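Observations on chain architecture
Take a look at the letters that make up each chain.
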Amino acid sequence: MKLIECPRDAMQGWTHPIATADKVNYLNALLQVGFDTIDFGSFVSPKAIPQMADTAEVLSKLQLSANGSRLLAIVANQRGAEEAVMFDEITYLGYPFSISETFQLRNTNKTIAESLELVQTLQELCIKNSKQLVVYISMGFGNPYGDPYDAGIAAQWVSELAGMDISIISLADTVGVADPAIIIRLFKALVPAYPGVEFGAHFHSAPHNWEEKVLAAYQQGCRRFDSTIKGIGGCPMAKDDLVGNIATENLLWFCRQHNEHINLHPAALHEAQRLADKIFIY
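Throughout what follows, the structure given in this document is the object of discussion. Quantities reported herein were computed from a predicted structural model and do not represent experimental measurements.

1. Some details on the pairing of strand E4 (residues 90-98)
The two faces of a sheet get side chains in turn, since along a regular strand they alternate between them. Summarising burial for E4: 8 of the 9 residues are buried, a large majority. Handedness of the strand E3 (residues 70-75)-helix H4 (residues 78-84)-E4 crossover: right-handed. Of the pairings in the sheet, the one linking E4 to strand E5 (residues 132-138) comprises 7 bridges and is parallel in character. Each bridged residue has a counterpart across the sheet, and for Pro 96 the counterpart in E5 is Tyr 136.

2. Considerations on unusual backbone geometry
Excluding glycine, residues mostly carry a negative phi; peptide bonds, for their part, are mostly trans. In the Ramachandran plot, Met 139 falls in the positive-phi region, its phi being about 60° despite a non-glycine side chain. Inspection of the secondary structure assignment puts Met 139 in the loop between E5 and helix H7 (151-162). For Met 139, a relative accessible area of 1% translates into the label buried. Phi is positive for Asn 259, which is not a glycine, with a value near 55°. For Asn 259, the location among the structural elements is in the loop between helix H10 (248-257) and helix H11 (266-279).

3. Examining helix H5 (residues 101-108)
For H5, the full list of buried residues reads Phe 103, Gln 104 and Thr 108. One side of H5 holds all its buried residues, which, seen down the axis, span an arc of 105°. Where H5 is buried, its residues meet E4, helix H6 (112-128) and E5.

4. Structural notes on the nonpolar core
Proteins that are soluble and globular tend to have nonpolar side chains buried together. Counting residues in hydrophobic clusters, the biggest one holds 87 residues, and the most contacted among them are Tyr 26, Phe 40, Phe 97, Leu 161 and Phe 280. Not counting the four nearest positions on each side in its chain, Leu 161 is found in contact with Phe 97, Leu 116, Val 119, Val 135, Ile 137, Ile 166 and Ile 169. Membership of the second largest hydrophobic core comes to 6 residues, among which are Ile 74, Tyr 92, Val 134 and Tyr 136.

5. So, the environment of Thr 15
Structurally, Thr 15 can be placed in the loop between helix H1 (7-11) and helix H2 (20-31). We classify Thr 15 as exposed; its relative accessible area is 67%. Taking the C-alpha atoms as reference points, Thr 15 and Phe 254, 239 residues apart in sequence, are found 30 Å from one another.

What counts, and where the lines are drawn
- Residues numbered from 1 in each chain as written.
- Predicted model: local features only at pLDDT ≥ 70, side-chain atom pairs only at ≥ 80, totals over all residues.
- Heavy atoms only, no water.
- Buried < 20%, exposed > 50% of the residue type's maximum accessible area, 1.4 Å probe, protein only.
- Helix = DSSP H or I, 4+ residues; strand = E, 2+ residues; numbered from the N terminus.
- Right-handed = clockwise from strand over helix to strand, strands pointing away.
- Pairing = 2+ DSSP bridges.
- Arc of directions from axis to C-beta.
- Contact = heavy atoms within 4.5 Å.
- Core = buried A, V, L, I, M, F, W, Y, C linked by side-chain atoms within 4.5 Å.

Structural data, given as structure tokens:
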């Protein structure tokens, strides 16, 4: 199992500005826990996501620990990617590729066709700069806009991306509409069909139905899951009311129930949870 901790997703839509020093302290605490990857920030327009305007400054103050957590940064265009690849500390660039035309325009001001061209550019940039591209299939389980969707459409776009040698593809439930049946159908078809691709799940979920979503993906072979401490966050570009992330605490409980050993440091996790309580105050 790979746990991808996503403080960026927790912070980006938070209504109150979070001080740079608080972000640095929180991220440095998370770096001590032992997560496989930390989705720490994004190189995007500060007008679109003001909370992420200080990503480069935050990065300069992070203390990468011996625990080996790798850093992932989200980008939305070529300019952001060109900035991100300049930092040796970053291993992964993440790009939200929406299969909802409405949301792709809303999120990155691009059509799906333009977005696909950008993925190729990002892939070339990553290869040239020894980074790895992670593509998120945004609105991967449906959308609230009435755009065409079924599992076949999602699978078609996965095929396009796999054909571009994208080796990490995460299916994202951007607005929390996924049900177990569609999750099972997608992962059951995709995981065996593309053995060279690492498939992940980025679920947004209400507290009462997170487990059925995680279980559906897990039973079909998904072993990469995104989460945030206390389930904070969501996508501010999707709609007005954020649907929270899967809580890391719940995901760790799930791992214990299924005998998945996750080598995290309990004291460091407790400290990160303490800091989250101070930062994310309703």
